[in-house]
Amino acid sequence: QVQMVESGGGLVQAGGSLRLSCAASGNIFSINAMGWYRQAPGKQRELVAAMPSGGSTQYADSVKGRFTISRDNAKNTVSLQMSNLKPEDTAVYFCNAKITIYDAAYEYNYWGQGTQVTVSS
């Protein structure tokens, strides 16, 4: 039983900045990775950024140099700092975590509820 709560979406003009945050809670034994996905209307959900535990940080090519992901392992949170936003960044953004719960031998993907980011031109 895991809950994922995200916040920080909104409307911003092109060139502006926005920060998304997400907190995981519940019957968590370990969090193996945390990250962000987004889905624009009519498009598939795509990976934006991810931070595996003990692995390399990943960014989509379209956001490299503009977005920065960070994690606070003690608080089970992940944030996405988005700068120089473009209209093509408009999408619903979903927090994702790969979590092993107590008494389980495998990890499972958990998702936040989604938050709308709209960038006007």
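The following paragraphs examine the structure supplied in this document. Keep in mind that what you see is a predicted model, and the values were worked out from it rather than measured.

Attention shifts here to the packing of aromatic side chains. This structure, assessed with the given rule, holds 3 aromatic pairs. Residues Phe29 and Tyr102 carry aromatic rings whose centres are separated by 5.7 Å and whose planes lie at 75° to one another, so their mutual orientation is edge-to-face. Of this pair, Phe29 sits in strand S4 (residues 28-39) while Tyr102 sits in the loop between strand S9 (91-101) and strand S10 (108-111), and the two are 73 residues apart along the sequence. The class for Phe29 is exposed, based on a relative accessible area of 56%. Over the ring of Phe94 we find Arg45, and its NZ or CZ is 3.8 Å from the ring centre. In this arrangement the basic side chain of Arg45 is found over the ring face of Trp111, its NZ or CZ atom lying 4.8 Å from the centre.

The next subject is the pattern of salt bridges. Scanning the entire structure with this criterion turns up 4 salt bridges. Of the charged contacts in the structure, one is a salt bridge between Glu46 and Arg38, with a shortest N-O distance of 2.8 Å. Exposure remark for Glu46: the relative accessible area of 35% places this residue in the partly exposed category. When its relative accessible area of 5% is taken as the criterion, Arg38 is described as buried. In this structure, Arg38 engages Asp89 in a salt bridge whose closest nitrogen and oxygen atoms are separated by 3.0 Å. With Arg38 in strand S4 and Asp89 in the loop between strand S8 (77-82) and S9, this residue pair connects regions lying 51 residues apart in the sequence. The class of Asp89 is buried, set by a relative accessible area of 1%. When salt bridges with common partners are traced through the structure, they connect Arg38, Glu46, Arg66 and Asp89 into a single cluster.

Conventions we followed
Residues numbered from 1 in each chain as written. Predicted model: local features only at pLDDT ≥ 70, side-chain atom pairs only at ≥ 80, totals over all residues. Heavy atoms only, no water. Phe/Tyr/Trp six-rings, centres within 6.5 Å; stacked < 30°, edge-to-face > 60°. Helix = DSSP H or I, 4+ residues; strand = E, 2+ residues; numbered from the N terminus. Buried < 20%, exposed > 50% of the residue type's maximum accessible area, 1.4 Å probe, protein only. Lys NZ or Arg CZ within 6 Å of the ring centre and 35° of its normal. Salt bridge = Lys/Arg side-chain N within 4 Å of Asp/Glu carboxyl O.

In short, the description is geometric, and any link to function would need to be established separately.
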